[in-house]
Amino acid sequence: MSQDKIALVIEGGGFKSVFSAGVLDAFLVNNFNPFHIYIGVSSGAMSLSYYLSNQYKAYFNLSNQVCVNDQFLSYKHALSEEGYMNLKYLTSYAIKNNPLDLVQIKSVIKNKYFSVVATNTDNGEAVFLDPIKHNIYKCLRATSSLPFFTKGLCKINGLNLMDGAWSDPIPVRSAIKQGANRVVVIRPHPFGYKLDGLNYLGLIAGYWWRNNPEISNKFFEEYDHYNKAVDFLTQNDTGLEIIQICPKKILKSSVLGTVQKDLLEDYCCGLEKGLDFINNYVNHNHDF
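Residues numbered from 1 in each chain as written. Predicted model: local features only at pLDDT ≥ 70, side-chain atom pairs only at ≥ 80, totals over all residues. Heavy atoms only, no water.

**Q** Mind showing me how you'd approach the overall build of the protein chain here?
**A** The helix and strand inventory of the protein chain stands at eleven helices and eight strands. A principal-axis box enclosing the C-alpha atoms of the protein chain has dimensions of 55 × 40 × 35 Å. Here the protein chain holds 288 residues, and 56% of them are scored as buried. The contacts of the protein chain with a sequence gap of at least 6 include a subset with a gap of at least 24, amounting to 75%. Of the roughly 13,200 Å² that the protein chain leaves accessible, carbon and sulfur atoms contribute 50%. The protein chain carries 27 positive and 26 negative side-chain charges, and their two centres are separated by 5 Å. (Helix = DSSP H or I, 4+ residues; strand = E, 2+ residues; numbered from the N terminus. Buried < 20%, exposed > 50% of the residue type's maximum accessible area, 1.4 Å probe, protein only. Contact = heavy atoms within 4.5 Å. Areas by Shrake-Rupley, 256 points an atom, 1.4 Å probe, with all protein chains shown as cover. Lys, Arg positive; Asp, Glu negative; His and termini not counted. Charge placed at Lys NZ, Arg CZ, Asp CG, Glu CD.)

Laid out in structure tokens, this is it:
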């Protein structure tokens, strides 16, 4: 193996992240983990955590169980304290039914960099959390907290935090700042996919934070911020190798919901893409 410093970056995507989990499971069954830097955003951080804990198919199983669980997802709870998507329930459910192997994670990331991206609700800036044994579940909840939909706040180290996708949706620049000279990015969207203007999540979140113009504008301008992150990947003026693993077409699952049939199809799509990457790229590139 070369002396390259290789990063693995996982974009978020709600239930779409089951694609990323499929890619990562393909990595697991091939014992493929040449990475020195790991950065995950939102649901991508959770799929990354199961990869680091060496738990094959655990993220898929968790998603498959909760996507039909009205204690986790319920429009009846949208205006309640829990919100439409109850992250506290998801955390307790995961700990009981699909717990992370924290000892394994500690072993895998020894002398490496592992970070979960969240957003500071006071200034809209990205916060890079250091998940350790006593706080990893709270970090994963922070990076997935959505305004209105999850009643989105989570406090860590005195900071009020929410979904990292609002501040650093595809943190390749951040990986490069950590010294990466080769980056593998897993995205649950087709290559070059961009947001076509303000979406409903940004609209609702912007209104939800209307009394804080700095944060509200962050949501209203989300599409521009996201699209610039995509341009950074596709144009790649860095001179470094940036490899994207993406589905060929739009996945069937959405950010906020899915059905088990679609979830399985999206997962299998990721599994196939991960195996293709191992076969077509890694096996012909001995630097990995």
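**Q** Would you explain the pattern of salt bridges in this entry?
**A** Where charged atoms from two side chains of opposite charge approach closely, those side chains can pair. For the coordinates displayed, the defined rule picks out six salt bridges. For Asp4, the salt bridge identified is with Arg182, shortest N-O distance 3.0 Å. In this pair, Asp4 sits in the segment before β1 (6-10) while Arg182 sits in strand β7 (residues 182-186), placing the two residues 178 residues apart along the sequence. Note on Asp4: relative accessible area 21%, which makes it partly exposed. A residue is classified by how much of its surface remains accessible, and Arg182, at 5% relative accessible area, is buried. What you see here is one network of salt bridges that share partners, running through Asp4, Arg182 and Glu241. (Salt bridge = Lys/Arg side-chain N within 4 Å of Asp/Glu carboxyl O.)

**Q** How should the environment of Lys138 be read in this particular structure?
**A** Residue position: Lys138 is located in helix α6 (residues 136-142). The class of Lys138 is partly exposed, set by a relative accessible area of 37%. A sequence separation of 47 residues divides Lys138 from Thr91, and the C-alpha atoms of the two residues are 8.3 Å apart. Setting aside its immediate chain neighbours within four residues, Lys138 contacts Cys154, Lys155 and Ile156.

**Q** Whenever I open this one, the side chain of Thr119 confuses me. Can you help?
**A** Mapped onto the fold, Thr119 is located in strand β3 (residues 113-120). Discounting chain neighbours no more than four positions away, the residues touching Thr119 are Gly124, Glu125, Asn160, Leu161, Met162, Asp163, Gly164, Trp166 and Ser167.

**Q** Got a minute to help me understand the pairing of strand β2 (residues 37-41) in this structure?
**A** Consecutive residues of a regular strand have side chains that alternate between opposite faces of the sheet. Counting buried positions over the five residues of β2 gives five, a clear majority of the element. Residue alternation in β2 divides its side chains into two sets, Ile37, Ile39 and Val41 and Tyr38 and Gly40, and both sets are buried. Alignment of β1 against β2, held across four bridges, turns out to be parallel. The residue of β2 that forms the bridge with Ile10 is Gly40. (Pairing = 2+ DSSP bridges.)

**Q** I keep staring at the pairing of strand β4 (residues 126-129) and nothing clicks. Help me out?
**A** Only one face of β4 is buried: it carries Val127 and Leu129, and the other face, with Ala126 and Phe128, is open. Of the pairings in the sheet, the one linking β3 to β4 comprises four bridges and is antiparallel in character. Residue pairing for β4: Val116 is matched across the bridge by Leu129. Here β3 folds back onto β4 in antiparallel fashion, the turn holding five residues, of which Gly124 has a positive phi close to 80°.

**Q** Where do I start with the side chain of Glu11 in this structure?
**A** Secondary-structure assignment places Glu11 in the loop between β1 and α1 (18-29). Separated by 2.7 Å, the side chains of Glu11 and Tyr226 make a polar contact. Those residues in contact with Glu11 that lie beyond four places of it in its chain are Ser17, Ser20, Val41, Gly44, Pro169, Ile170, Ile186, Arg187, Pro188, His189 and Tyr226. (Polar contact = N/O pair within 3.5 Å; in protein donor to acceptor, adjacent residues only side chain to side chain.)

**Q** Help me understand the packing of aromatic side chains, please; the structure alone is not making it clear to me.
**A** The relation between two aromatic rings is expressed through the spacing of the ring centres and the mutual angle of the planes. Following the criterion strictly, the structure yields eleven aromatic pairs and no others. Arranged with centres 5.8 Å apart and planes meeting at 40°, the rings of Phe27 and Phe277 form a pair that is tilted. Residue Phe27 is found in helix α1, and its partner Phe277 is found in helix α11 (residues 260-280); the two are separated by 250 residues along the sequence. A single burial state applies to Phe27 and to Phe277, both of which are buried. Centre to centre, the rings of Tyr89 and Tyr93 are 5.9 Å apart; their planes meet at 40°, and the pair counts as tilted. Placement of both Tyr89 and Tyr93 in helix α4 (residues 87-97) is noted, with a separation of four residues, approximately one turn of the helix. Of the residues examined, Tyr89 reaches a relative accessible area of 18% and is grouped as buried. Through successive ring pairs, a cluster of aromatic residues spans Phe27, Phe32, Phe35, Tyr38, Tyr51, Phe277 and Tyr281. (Phe/Tyr/Trp six-rings, centres within 6.5 Å; stacked < 30°, edge-to-face > 60°.)

**Q** Is there a simple way to think about α4 in this case?
**A** Each α-helix winds once per 3.6 residues, and so residues spaced three or four apart point in a common direction. Listing the buried residues of α4 in full gives Leu87, Tyr89, Leu90, Thr91, Tyr93 and Ala94. Taken together, the buried residues of α4 touch α2 (43-52), α3 (58-66) and α6.

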